Every structure is written in structure tokens, then in C-alpha cells.
Amino acid sequence: MIERGRWVTLAGAVPRPRWSFRLVAFACIAVVALSALSVKLAQLQVTEGASLAALARANSVHRVVIEADRGIIYDRHGVPLVQNSPAWNLEVVPEAMPLTAAARSAEIAEVSSLSGVPAGELAAAIANADPYGSLRIGHSLTEDQELSISERIPALPGMSIARHAVRTYLYPTILSHVLGYVGPIDQGELKGLERRGYQPDELVGKVGVEAGLEARLRGTNGWADIVVDARGQVVRTLTTRAPVPGDSVYLSIDLKLELATATALTAGLQRDHKKAGASVVVDPRSGEVLAMVSLPGYDTNLFTHGISQADYERLTTDPNLPLLNRAIAGQYAPGSTFKMVTATAGLQEGKITPQTMLSCPSYLSYGGWVYHNWANYNLGNMNVARALAISCDTFFYQVAAAVGDVTLARYARAFGFGQAEGIEMPGVQPGLVPDRIWKELTCGVPDLNSDACRWTLGDTVTFGIGQSALLTTPLNQAVYVAAVANGGTVLQPTLVHEIRDWSGRLVLVHKTVVVDHVPVSPSNLAAVREGMREEINRPYNLNYWFRAAGVPADGGGKTGTAQWGGSGLDLPTHAWFVFFAPFAAPDVAMSIFVERGELSEVEAAPIAVEIMRYFNGNRAAIEAAA
Amino acid sequence: MTSIPVWRRLDVIQPTAAGLLAVLGVMTIYSANADWARQVAWITVGAAAYALAATFDYRRLLPLAPALYGGMVFLLVAVHLVGRTALGSRRWLSVGGFPLEPSELSKLLLVVTLAAFLRRGLSLSWRRFALALGLAAPPAALILTQPDLGTTIVFAAILLGMLFLGGARPAQLASLAIGALVVIPALPYLLHGYQRRRLEIFLNPSSDPLGAGYNLLQARIAVGAGGYFGQGWLHGLQGQLGFVPERATDFVFAIFAEQFGLLGSLLLLAIFGTLLVRLLKAAAVAPDRFGELIAGGVFVMLFVQVVENVGMNIGVLPIAGIPLPLISYGGSATITTLAALGLAQSVVVRRRVVVHQRQAGYPEVFDPSAVRLTF
């Protein structure tokens, strides 16, 4: 027995375990190996932890954009002009599709037959897509396609049907040029808009108010962070931010007046076998556009619901240019409707007075060239009001020659000619005000004394009756006649009455913006306005239309038959009529344009009379919200 | 002295560590949406095997060694003849409706056979060295041709480790090293297509991020996403959502690490370390050479699997289909591991014990409560 403290050893021969060298070596190897693994683990989980955790998140957490509803466009009284109608699209998550090539192509073939998208196109789109993202394929599905695909969805892994909104225009043809349409964003637009959060497959306003008020209508997209598993199935949603719908835009347009204007213009064009025309009705007190019609129009719903190649080609190759908004982008010579500018310049520059009598011969000669009046006989002496009323060209040749081209151009610009005063849509054209400086700058010949570059007296006198190189647009004309109506104030035209955000809070109310005051004394302008009143009270033709329609001829008007396409005697013409009413305190001003119109008195003026018939009968209703 | 009860001779730490690992394993398998109930059943069977092996006197295995070797070869041949094929590899025998993976069982059988062969003498003659290699070669070849690279690697490691423990001379080990230097450059030509691909991907994982390198990358991402304290049980994005492949078997460590973080991973390695040290201790206290070699062999068998499995999960070793003992889902591997630990326990229980008794007592009256045992 061996003494060991308080214990005695009873038995057992081996006092120590046999830790051989080789077992110790094993132990050392084990310690080294496990330590090495621990160090590597620490490096992965601590040093690289954050970046690898981010990768793990990127694997499974995907941000999906929730499209904001686009703002609705209403007329000035709150009548909706457009709606967001539901549509269905096929979406696919490539990663969730079958793994084998055979099963995959079988699925693509089935989806192709159900959706009508060619199988090759489908396969290519899927091959190029983000494997975990949702890819929208093909056009919107028809209701039948939607139903038949929905039934088969359980047997089509990776496929789903997504509901989204399609812009539907309620008055697609009549309001086509005002509202425009939305379409898929193109590469050029995306470059400019990407930093504002636009997605590559987003819809964006292309023309009209849809484009001009894009920033208001679009709203702010929301998003959701969703967790998907390795098969692409959504497991849960982490966080979401709700989208903010776009603002509601209340246009200054009065829908019923717009329809009446369109009806009057359509009827007028049909009666005279004309193909194209435009009309702009404005409130001369505020600059608000009450109606804007350009014919022919086109069906904007074709663009938002997926236009066929044939329809698109028909629209782009139509000789009547239905895609051209003549109201803002059609530039034409104003013809005799310009004579109020010449009269104002002559009066205000002291070249004539309201009482000055000038002759009205059948022609006058300037610089060896003969310039005719519309009548081939002498109409005798007359004052400026009468000259406006009977539209004597030779009278205004004399006034223009006395005023001079540079001064006349100054007055034209003061009335808003030649300036693209912006309206809430792209593509507004400025028109053109010519003078000797313009001619020298644009003649394109180095020798400024050549015929091409030298401004002649002939240029001045034809400028005085709205010809020469002078160009304007129906919108421009409406702004101009409104200025004559309201006492010489050129107002900023606008299509927006007010804008409300999605909750109905008013965020913008139209405020009248004065662009310019025409430098004219009240008495001089009164003489001009008197001429316009006399014009519509001429016993034959013009006054006949008012009487026939039962509309009081209380206001001022001016016809114009403008030659175009060069110079000479038998050139094609456009017919114009500008009008305001009532005479004492005008609350409406308008321009009527008939492309290739030959007789403005019988082609353009009756259209204005028809519009006025509606306007007079509904003045209170139109004013209601204004 | 002979009446000291078995439970007082038991190494308690070893089964405790194994039990902890099994619990963590079931938790991880549950989080991987795998059949955790079945794994519990395998563990129960394994626990029975453990108890059986621990009570069974390992020394009675000695005369059975040739029969065990024959049985091992028989099973491996049977796999080649009637085995089930899955994922391009013929590995499973159906025994009474349950899939049995003989290559897993053969790891332990190799340990026992080699221990029986190497037990004599403290050093190894060249003839016996060659015989030992010859003994291991046929089963290794049968496993490699299944093909099962992972188990073959474990086989090679067991052979190497047991030769070392069995007294192999430095020259003999050096000759093995030279042999390895000859074989490894030839490896790409000997390996099957998918095995070669795995090796290439290990060397350059980003070469194919969505294809075969995907596994490696996703496992690394999962481990890294664990951070210090892990995402929490059942909250690992990578594991829960299925981005980690083979998440209940080969890559179970990755999803464990994602859920339990560096803290949990180090704890897991610490438990494995404890288990391994207990196995070495079992070898040290073994009453004879056979027991020492069995315990040492079981140590090598587990050590290699832990290091290779964790190593491939964190991207420091090439991918080979080796399970993480007691954690990975799998019946054959779990039962084999528990049986091997039971065998080591059998060695511990039969160690020579130094018996101390409190001085105050009378030697004639044996009082177990006044007895202390030391190694």
C-alpha cells in the first residue's frame, strides 16, 4: 500500500497514462488544425461578415417597385377625361422555371400559345433577364388570355400574372391633341429621367398635356423589399413604402365647349370638303384655354393599349397629318387677320388717326411691282375702322409703308407674334415675324445686296396684310385677338385651371400671367376694335351667319384668307377667322383655322358662330368654376 | 477491486460531448427543413449501438477481425453489384427497406481491422508495412470506384494515422509522402469529371458563380452572414431559403454557422475538440495495444471528417462529400460514429485503474463511496 496524502492506493499497477510521443503528436495536429479553422472562421464571419451578409441579403431580398397611379386629368369642372383601367401582363421569374432544358422549352411553348408571344422572342427575353427578377413579357393580355393562363398557372412554374394600370382616354380622338398619350420610355428619355427614379420599362407622357405635365402626373413610385427563396418564390415582405399617386390636373378646358367646338369645326370642314383645321378658344381675361381642337385627330387609346404596325403606319403616312397638333405647331401666314396689328402701329406711331381717310384703289405699285386689293375696282376713301371692316388691302399697304417693317415687327412681337409662349405641352411653335434684319440673317447668301437678302418695300406692304414671311399658329392668333379684346394685354395662355394632390389638397391654382402690354392708347385701340365690330355687322355674308344662327353679332371679328406656298396671284389659301365677344366686356376670344380654306367669310366664320351659339347658351355653366 | 461498478469507470465527458453534438445536429437539420424525426430515430439506434459497443469487450473483436474485414469487402462488392445509384454514384444497399451506406460502416471496420493487424510490436517492419497497405487497398479501391472520393480520403487518412500510431518508421512515412507526390499530379486524370470540376472550382470559385461554384460561394456567404452571434435559430436567410445546397448533409456546417455565428461555430469546434481529446485520452489509458489503436483510429476517423467538412464549408479545402459527424443528416454515418465512440468507451471502461481509498477506512471493508479512481 502506498501512502498518498489522505488517500491510500489499493490497487492498480500503472500510475500514469501512457501518453506516447505519437499520441501527443496527434493532439498537437488536432489543436493546430482546429485553431486554423477557427482563425479562418473568425476572418469569414467578422472581417468579411458584413460584406458576405450583404451578399446573402442580395440573394434573397429583392426590391420591387410599386408603380404609383398616374394622376387623373379632369376638365375645369372636374369631369374626368382619362382613367387608369386595369390590365394584365404575364410575368416570369426565370430562376423558378424548370431546370431541364426540355421542360423549360415545353413551358415556353405553352406560354407562347396561350399569350400569343412568339416562342423565340420569349426564350430570348428569359435568357437575357435577371434570373431572380420578374420580367414582364408581351403586350397586355386580353381577358380571354388572362383567364386561360390563370387556369394553367399552377402548372407553369415561374409564371405569374401581374395587374397594372393602362391609361384609357375617354374622348380619345377629340382630345387627342390636348391630352396626348403615354408610352414606354425610350433610351434618350431614360438618360435624362433616370435620376428621378424612372424605371426602364416605365410609361412616360409622350405628347400633349401628358408630356407637358409629366412631373405632376407621374407620382412617386413606392417599393417593397420581398424575401424570395432559392426557387424565386416570395416568402414574405420585409418593408414597404406605399406609392404616392400623381396629382390630379384640372384643365382649363371646358369639356362641353370642347365638344361643341369640335362638332362645329368638324361640321364646318365637312360642309366645305376640307380635311384639316384647328380652333382655340381662350378666356381673354385670364389666358385660360377653354377649348383647343385640331383636326384630324387620332385615337390615343391605340397608343396606350398597344398599337398595331398597320395602324401606326396609317397614322404616320396620312397626308392630312393627324399626329400634327395644328393648334400649337401648325405655322401659317395670318393674312388679313393681321391687319389689326398694322392699324395699331399706324395709329400709335401717328402715321394715321382714327379719322384719317385713305384711298382704297384696286392696286398700288411699290418698287416697280404691282400689289392688288381683293377687289378689282376702287372702293373709295375710308378711315381705318372701315378699312378693317371691308379688309381693304391697299389701305394697309399705305399704312405699312408709312410705319416701316422694323416698327411693324415691333408691334407684331408686342401682340405675341413670333414668340413661343409656353403652354403645358411640348412642341409649341413660335411662328415668325420677318423684318429686314431677319431677312439678312436668313437669306443664306453672303452678298447682303443681292435680291435674296435685300428687304424691299414690297416685303413691307405684304407684311402689312399678314403675308410676306409672317407665320403664326392658331394658339398665337387666339392670344393676339384676346389682347385686342381685353385692351391690349397679352396673356400667357394656359391649359391648367388647378392642380390637386392625391388627397385633394390644392397645390396649384391658375394665376393670370401678363406677358406684355401692347403700347397702344385706349382711343387708338378703340378704333381698331370698332373696325372689328363693323366687320361682323356687314349686312351680307358675315352678319348673315349670325342672324341665321340666332346669335347676336355683339363682338368683334376679322376674317383672313392667307396665301401660302410662294408669291403670285392664284396661290392656294388658308382661311382664318378671329373673334371676341361681347364687345363691351369680352369674356371669350377665339381663332378658327381652316387649312386650304378659300373663303374665310363662308368657311371659317360660321364655325365661330356655331361655337358662340353654344357659348352664349351656356355662359354661366362655363363660368361656374372659373 | 473487481467490484468497482462500470459507471464509475465510464468517461462521462465523451458521451456528453457526443450528445450535445447530436442535439445541435437535430436542431440544424430541423432548420434545414430536413427529416429531423428520422435523424432522431437514427440517433436512437446509434445510442443503442453505442451502449452495445461500450459494454462489449473490445478484446473479443480480435479473433473476429478477419471476419469483419471479409464482411466489409463483401458489403462493398455488394454495393457494386446490387447497390442503388443516386447522383451518378453507386453507394447504397437496401437493407430491410432502409438505405445502408456500407462505405460509412467500412470506416469503422477498417479501424478495427488495422488495429488488429498493427497491434503487435511497437515498430513496423517493411513487410508488415506493405501488408497493411495491401490490407487497406481493396476496400479503398472499391469505394473510390463507387465513386466516393470523400470516403476514400477518410480511408487514406485512417490508414496513414494508424500506421503512424502503429509504429511506422520515418522512412516508411516518407515513402508514403513520395507516393502521394506521384499520385497527386496525376489526380486530375484519375478523377471523375465532377470530381475534377470540384477541384477546379475550389481553386477558382468565382469562375462559375451560377453553376458548380455556386455551392461553394453560397456556403461561404452563409457562414459569413452569421457574423459574431448568428442570425438566430431558424432565421438564416441563406439556409432557410434554400440558397445553400445540400444544407442538411455536406453543407450543414454553413447553415449552422449562419444561424449561430462565430460564437456558436467556435463552441461547436470546442465540443469536437473535447471529443477528440477524450478519444486520444482513451488511447492513452487503453489496457493494450489493440485498444490504443482502436481509440486512435476512431480519433483519426472523426478528426479528418471534422476538418475536411468544416474546411470545405468555409472554403479552405476542396469539396468532397464528407459528412460532419453527428451533425449531418444520415443514418449510416450517425450510427457508425456512435458505434465507434462506443467502442472507444469500451476501451476506456476496461482501462487499468488506480484505486485509492480513504485512509480512515478499513481495507477489509470495501466501501465504494470512499473510493477514488485516477488514470
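Rules and cut-offs
Residues numbered from 1 in each chain as written. Chains lettered and ligands numbered in written order. Predicted model: local features only at pLDDT ≥ 70, side-chain atom pairs only at ≥ 80, totals over all residues. Helix = DSSP H or I, 4+ residues; strand = E, 2+ residues; numbered from the N terminus. Buried ≥ 20, exposed ≤ 12 C-beta atoms within 10 Å, placed from the backbone. Contact = placed C-beta atoms within 7 Å. Expected span 1.5 Å × (residues − 1). Pairing = 2+ DSSP bridges. Axes fitted to C-alpha atoms, helices over the stretch in contact; angles between N-to-C directions. Parallel < 35°, antiparallel > 145°, perpendicular 65-115°, else oblique. Left-handed = near helix turned anticlockwise from the far one by under 90°. Nonpolar A, V, L, I, M, F, W, Y, C, P; charged D, E, K, R; others polar. pLDDT = per-residue confidence, 0-100. Core = buried A, V, L, I, M, F, W, Y, C linked by C-beta atoms within 7 Å.

Let's shift gears to the overall build of chain A. When you go through chain A residue by residue, the secondary structure sums to 25 helices and 23 strands. Burial status across chain A gives 43% buried among its 626 residues. Summarising the internal contacts of chain A: among those between residues at least 6 apart in sequence, 73% fall at separations of at least 24.

A separate point is the overall build of chain B. Within chain B, the secondary structure is distributed over 14 helices and 5 strands. Across chain B, the fraction of contacts at a sequence separation of at least 24, relative to all contacts at a separation of at least 6, is 69%.

Residue and element names in this part refer to chain B. For helix 7 (residues 149–165), spanning 17 residues, the distance from its first C-alpha to its last is 24 Å, which sits close to the expected 24 Å at 1.5 Å a residue. Among the 17 residues that make up helix 7, 13 are buried, leaving the element largely enclosed by the rest of the structure. Following helix 7 by one or two positions, Gly 167 adopts a phi angle in the positive range, close to 100°.

All right, on to the pairing of strand 16 (residues 369–372) of chain A then. All names here are of chain A. Pairing analysis gives 4 bridges linking strand 15 (residues 363–366) to strand 16, with the strands arranged antiparallel. Pairing of Ser 365 across the sheet is with Val 370, part of strand 16. Here strand 15 hands over to strand 16 after 2 residues, with Gly 367 in that stretch at a positive phi of 60°.

With that out of the way, let us pick up the packing of helix 3 (residues 36–55) of chain B against helix 14 (residues 331–349) of chain B. Working note: a packed helix pair is described by the angle between its axes plus the distance between those axes. All names here are of chain B. Where helix 3 contacts helix 14, the two axes come as close as 7 Å, and the packing angle between them is 25°. Here helix 3 lies roughly parallel to helix 14, going by the angle between them. In terms of crossing hand, the pair formed by helix 3 and helix 14 is right-handed. Contacts between helix 3 and helix 14 involve Trp 42, Ile 43, Val 45, Gly 46, Ala 47, Ala 49, Tyr 50, Ala 51, Leu 52, Ala 53 and Ala 54 from the first element and Gly 331, Thr 334, Ile 335, Leu 338, Ala 339, Leu 341, Gly 342, Leu 343, Gln 345, Ser 346 and Val 349 from the second. Grouping the constituent residues of the contact of helix 3 with helix 14 by class yields 16 nonpolar, 6 polar and no charged.

Right, let's talk about helix 16 (residues 393–403) of chain A for a bit. One turn of an α-helix holds 3.6 residues; hence residues three or four places apart share an orientation. Residue and element names in this part refer to chain A. When you tally the buried positions in helix 16, you get 9 out of 11 residues, the bulk of the element. Along helix 16, the residues classified as buried are Asp 393, Thr 394, Phe 395, Phe 396, Tyr 397, Gln 398, Val 399, Ala 400 and Val 403. Positive phi shows up at Gly 404, right after helix 16, with a value of about 95°.

It is worth spelling out the sheet that holds strand 11 (residues 234–241) of chain A at this point. Residues and elements named next belong to chain A. The strand order 3-10-11 describes an open sheet built from 3 strands, whose pairing is antiparallel. Since the sheet does not close on itself, it has two edges, and those belong to strand 3 (61–66) and strand 11, each with one partner. Averaged over all adjacent pairs, the angle separating strand axes in this sheet is 30°, with direction ignored. Here strand 3 pairs with strand 10 (residues 222–228) via 6 bridges, running antiparallel. Among the inter-strand pairings, Val 64 is bridged to a residue of strand 10, identified as Ala 224.

Mean pLDDT over chain B stands at 86; residues scoring 70 or higher make up 86%. On the interface metric, ipTM, the complex scores 0.91, and its pTM is 0.69.

This paragraph deals with the nonpolar core. Nonpolar side chains in soluble globular proteins tend to end up buried together. Core analysis: the biggest nonpolar cluster contains 132 residues, and A:Val280, A:Phe415, A:Val481, A:Ala482, A:Met590, A:Ala608 and A:Ile611 have the highest contact counts within it. The dominant element in this core, judged by the number of residues it contributes, is helix 20 (residues 474–485) of chain A, at 9 residues. Excluding anything up to four places from it in sequence, A:Ile611 contacts A:Ala260, A:Thr261, A:Ala264, A:Val281 and A:Met590. Grouped together as the second largest cluster of nonpolar side chains are 125 residues, B:Tyr58, B:Phe155, B:Phe243 and B:Leu279 included.

All names here are of chain A. Cis peptide bonds are those with omega within 30 degrees of zero, and the linkage from Leu 295 to Pro 296 qualifies with -5°. Its location among the elements puts Pro 296 in the loop between strand 14 (289–295) and helix 11 (301–304). In this model, Ala 581 is joined to Pro 582 through a cis peptide bond whose omega is -15°. Turning to its location among the elements, Pro 582 is positioned in the loop between strand 22 (573–581) and strand 23 (588–594). The residue Leu 321 is not glycine, and still its phi comes out positive at about 50°. Relative to the assigned elements, Leu 321 resides in the loop between helix 12 (309–317) and helix 13 (326–329).

Its place among the elements puts A:Arg454 in the loop between helix 18 (436–442) and helix 19 (457–464). Along the primary structure A:Arg454 and A:Cys443 are separated by 11 residues, whereas in three dimensions their C-alpha atoms are 8.7 Å apart.

We now examine the packing of helix 2 (residues 13–31) of chain B against helix 3 of chain B. Residue and element names in this part refer to chain B. Two elements in contact, helix 2 and helix 3, have axes whose closest approach is 9 Å; the angle formed by their N-to-C orientations is 160°. In this view, helix 2 runs roughly antiparallel relative to helix 3, as classed from their interaxial angle. When you trace helix 2 past helix 3, the crossing you get is right-handed. For the pair helix 2 and helix 3, the contacting residues are Ala 22, Gly 25, Val 26, Ile 29 and Tyr 30 in the first and Trp 36, Gln 39, Val 40 and Ile 43 in the second. For the contact of helix 2 with helix 3, the residue count by class is 7 nonpolar, 2 polar and no charged.

Think of a sheet as strands paired side by side through backbone hydrogen bonds, with each pair either parallel or antiparallel. Residues and elements named next belong to chain A. Spatial strand order, 14-13-23-22-21: 5 strands in an open sheet with antiparallel pairing. Across the chains shown, the open sheet's two edge strands, defined by having one partner strand only, are strand 14 and strand 21 (556–563). The sheet shows a mean angle of 10° between the axes of neighbouring strands, direction not considered. Two strands pair when backbone bridges link them, and strand 21 and strand 22 are joined in this way by 8 bridges, in the antiparallel orientation. In the sheet register, Gln 563 faces strand 22, and the bridge partner there is Thr 573. Running over the sheet, helix 10 (residues 255–271) touches strand 13 (277–282), strand 14 and strand 23 and is turned about 35° from strand 14.

Attention shifts here to the environment of A:Ala27. Looking at the element boundaries, A:Ala27 is found in helix 1 (residues 21–47). In this view, A:Ala27 contacts B:Val277 and B:Leu280; residues no more than four positions away in its chain are not counted.

Position of A:Leu44 relative to the elements: it lies in helix 1. The class for A:Leu44 is buried, based on 26 C-beta atoms found within 10 Å. In this structure, A:Leu44 is in contact with A:Leu52, B:Arg220, B:Val223, B:Gly224 and B:Ile314, ignoring residues within four places of it in sequence.

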